[in-house]
Amino acid sequence: MKAEIIAIGTELLLGNIVNTNAAHLAEGLASVGIDTYRQTVVGDNPERLKEALEAAYEVADMVITSGGLGATGDDLSKETAAAYFGKKLVENETAKAHIREFMENLGRKLTENQWKQAMLPEGSIALQNSNGTAPGFILEADGKTLIMLPGPPSEIVPMFDKQVIPYLREKSGEILVSRTIHLAGIGEAAVESELHEEMLTMSNPTLAPYAKEGIIDLRITAKAQDTEQAYRMIAPVEQMIREKFGVCVLGADEDTMESVIVSLLKERGWKIATAESLTGGWVAGKIVSFPGASEVFEGGFVTYSNEAKMNLLGVKKETIDTYGVVSEETAGEMAKGAAEKLGCEVAVATTGIAGPGGSTEKTPVGTVCFGVYINGKIQTSTVRYTRNRNSNRDFSVIGALNRVRLEILNDNI
């Protein structure tokens, strides 16, 4: 089965709100083995919605819409859909009773236009709205399926997940299951080069890369009759990826850089400290964003100025004068100072030039030096990022934590 998602709302076209519904709907469709052929956005205009429906059904068996089901005069989606299928709108008693009960529970007076929402195309299946008054519906006619849902995320998400997905699962007979492997410390081009043949030849499961800031995701997706069969198909592909990329494999699915770091430290009973310059506390913030970080995170220093580095972390003036504030030597002393000040087995430091200014011939914008201290030993490294200021900082956060991860895993430390 192929589906098209149509989002209805002039506010979406104007960019007043972000269309998060489409992502949720597409992901849900994929989970039950239905391919999303296309996504379309139309304004609150009956003629344009009619044109969108006509175009959609030329290539898709099913259309799912969001928005346009309210009580106001410009909410004409149902009317347009009913006319497209040659159906009348009829009062749905279940929907009407829900609207009355919902408004009474809120202590609000019912207005006449509220009853407009209880009018649904004849022959359709009503979908109850647990967080609002506008019901959705499913209409099957002429070999086509139309599913119309309200627009607010608080209404569409539970309606889709609890009522539409079970309906679609029965219709599809297949499911899609995905597992995402996260890689760190390797570039997208290198990953695609290594997996080029596999991505070209694999059809079920499929393998696709997705790049984020500092992380490469490899999504393995299998279409099968049930979840157990899908995971059996996924397993050898995951094993192949793990063998190819070794320590670059950060984790899978819900694993994150911060969750892995916290887990590694907990296993060893170690505490970590941070010493940050260009990242301005973002490394510490990343660690503590994971629940349970308080067991391993002792504290952090944001030492932006040279004086702060010297006074708070014990970085030597001679080091800065000789090697520069953006240097591996300075980063190493920052990490050592943070670990000793807070009595931690592990510390990580960042110093660099995020941009857009501050560069020198020796240290251009994007130059970042890292220092990692583990039980008295220090490892340092330098990279250069070529993005804007905030992206350089984002990449530096992941780069710093990945170096901690790798050094913890390194048996020589």
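The coordinates are above.
Residues numbered from 1 in each chain as written. Predicted model: local features only at pLDDT ≥ 70, side-chain atom pairs only at ≥ 80, totals over all residues. Heavy atoms only, no water.

**Looking at the nonpolar core**
Side chains of nonpolar character tend, in soluble globular proteins, to be buried together.
Now for step 1: By size, the foremost hydrophobic cluster in this structure holds 34 residues, and its most contacted members are Met257, Leu265, Ile287 and Val404.
Now for step 2: Those residues in contact with Leu265 that lie beyond four places of it in its chain are Trp270, Ile272, Val296, Val346 and Ile408. (Core = buried A, V, L, I, M, F, W, Y, C linked by side-chain atoms within 4.5 Å. Buried < 20%, exposed > 50% of the residue type's maximum accessible area, 1.4 Å probe, protein only. Contact = heavy atoms within 4.5 Å.)

**Comments concerning the sheet that holds strand 2 (residues 35-42)**
Now for step 1: Across the sheet, which stays open at both edges, the six strands sit in the order 2-1-3-8-7-6 with mixed pairing between neighbours. Strands at the two margins of the open sheet, each flanked by one partner only, are strand 2 and strand 6 (125-127). Neighbour-to-neighbour, the strand axes of the sheet open up by a mean angle of 15°, direction not taken into account.
Now for step 2: For strand 7 (residues 136-141) and strand 8 (residues 144-149), the ladder comprises five bridges, and the chain directions are antiparallel. Across the sheet, Phe137 pairs through a bridge with Met148, a residue of strand 8.
Now for step 3: The strands touched by helix 6 (residues 153-172) are strand 3 (62-66), strand 6, strand 7 and strand 8; relative to strand 8, the strand with the most contacts, the crossing angle is about 165°. (Pairing = 2+ DSSP bridges. Helix = DSSP H or I, 4+ residues; strand = E, 2+ residues; numbered from the N terminus. Axes fitted to C-alpha atoms, helices over the stretch in contact; angles between N-to-C directions.)

**Quick look at unusual backbone geometry**
Now for step 1: Residue Pro205 is bonded to the preceding Asn204 through a cis peptide linkage, with omega at 10°.
Now for step 2: Locating Pro205 in the fold gives a position in the loop between helix 8 (196-201) and strand 10 (206-212).
Now for step 3: At the junction of Gly355 and Pro356, the peptide bond is cis and its omega measures out at 0° in the coordinates.
Now for step 4: Relative to the helices and strands, Pro356 is located in the loop between strand 15 (346-352) and strand 16 (367-374).
Now for step 5: Not every positive phi belongs to a glycine, and Asp142 is a case in point at roughly 55°.
Now for step 6: With respect to the helices and strands, Asp142 occurs in the loop between strand 7 and strand 8.
Now for step 7: Among the residues examined, Asp142 registers a relative accessible area of 65% and is labelled exposed.
Now for step 8: Although it is not a glycine, Asn375 adopts a positive phi angle of roughly 50°.
Now for step 9: On the secondary structure map, Asn375 appears in the loop between strand 16 and strand 17 (377-384).
Now for step 10: Judged by its relative accessible area of 44%, Asn375 falls in the partly exposed class.

**A look at the environment of Asn92**
Now for step 1: With respect to the element layout, Asn92 can be found in the loop between strand 4 (89-91) and helix 5 (93-106).
Now for step 2: Under the relative-accessibility criterion, Asn92 is labelled buried at 18%.
Now for step 3: Spatially, the C-alpha atoms of Asn92 and Met119 are 6.0 Å apart, while their sequence positions differ by 27 residues.
Now for step 4: The contacts of Asn92, once residues within four sequence positions are left out, are Ala118, Leu120 and Ala126.
Now for step 5: At 2.9 Å, the side chain of Asn92 forms a polar contact with the backbone nitrogen of Ala95. (Polar contact = N/O pair within 3.5 Å; in protein donor to acceptor, adjacent residues only side chain to side chain.)

**Describing the packing of aromatic side chains**
Now for step 1: Tallied over the full model, the rule gives four aromatic pairs.
Now for step 2: Judged by centre distance (5.9 Å) and plane angle (80°), the rings of Tyr57 and Phe85 are edge-to-face. Here Tyr57, found in helix 3 (residues 46-57), pairs with Phe85, found in the loop between helix 4 (77-84) and strand 4; they are 28 residues apart in sequence, far enough to count as distant.
Now for step 3: By relative accessible area, Phe85 is classed as buried at 8%.
Now for step 4: Both rings, one in Tyr84 and one in Phe85, keep their centres 5.0 Å apart while their planes meet at 85°; by these two values the pair is edge-to-face.
Now for step 5: Look at Tyr84 and you get partly exposed, because its relative accessible area is 23%.
Now for step 6: Every member of this aromatic cluster is reached through a ring pair, and the members are Tyr57, Tyr84 and Phe85.
Now for step 7: Across the ring face of Tyr210, the terminal group of Arg219 is positioned such that the distance to the ring centre comes to 4.9 Å. (Phe/Tyr/Trp six-rings, centres within 6.5 Å; stacked < 30°, edge-to-face > 60°. Lys NZ or Arg CZ within 6 Å of the ring centre and 35° of its normal.)

**Thoughts on a negative patch on the surface**
Now for step 1: On the surface, Glu47, Glu51, Glu54 and Glu58 cluster together into a negatively charged patch.
Now for step 2: Owing to a relative accessible area of 68%, Glu58 belongs among the exposed residues under this scheme. (Patch = residues over 30% accessible without salt bridge, like charges linked within 9 Å, V, L, I, M, F, W, Y side chains within 5 Å. Areas by Shrake-Rupley, 256 points an atom, 1.4 Å probe, with all protein chains shown as cover. Salt bridge = Lys/Arg side-chain N within 4 Å of Asp/Glu carboxyl O. Lys, Arg positive; Asp, Glu negative; His and termini not counted. Charge placed at Lys NZ, Arg CZ, Asp CG, Glu CD.)

**Examining the pattern of salt bridges**
Now for step 1: Scanning the entire structure with this criterion turns up 18 salt bridges.
Now for step 2: A salt bridge links Glu258 to Lys286; the nearest nitrogen and oxygen atoms lie 4.0 Å apart. Of the two residues, Glu258 sits in helix 10 (residues 257-268) while Lys286 sits in helix 11 (residues 282-288), which places them 28 residues apart along the sequence.
Now for step 3: A relative accessible area of 28% places Lys286 in the partly exposed class.
Now for step 4: Its salt-bridge partner being Glu298, residue Lys271 comes within 3.3 Å of it at the nearest N-O pair. Taken as a pair, Lys271 in the loop between helix 10 and strand 13 (272-276) and Glu298 in strand 14 (residues 297-302) lie far apart in primary sequence, 27 residues in all.

**A few points about the sheet that holds strand 11 (residues 215-224)**
Now for step 1: An order of 10-11-9-12 is seen for the four strands of this open sheet, with the pairing classed as antiparallel. Of all strands in the sheet, those bounded by a partner on one side alone are strand 10 and strand 12 (249-252). Across the sheet, the mean angle from the axis of one strand to that of its neighbour is 25°, orientation sign disregarded.

**Points about the side chain of Asp217**
Now for step 1: One can find Asp217 in strand 11.
Now for step 2: Accessibility expressed as a relative area gives 10% for Asp217, which makes it buried.
Now for step 3: Polar side-chain contacts of Asp217 include one of 3.3 Å to the side chain of Lys212.
Now for step 4: Residue contacts for Asp217: discarding those within four places in its chain leaves Thr180, Ile181, His182, Ala208, Pro209, Tyr210 and Lys212.

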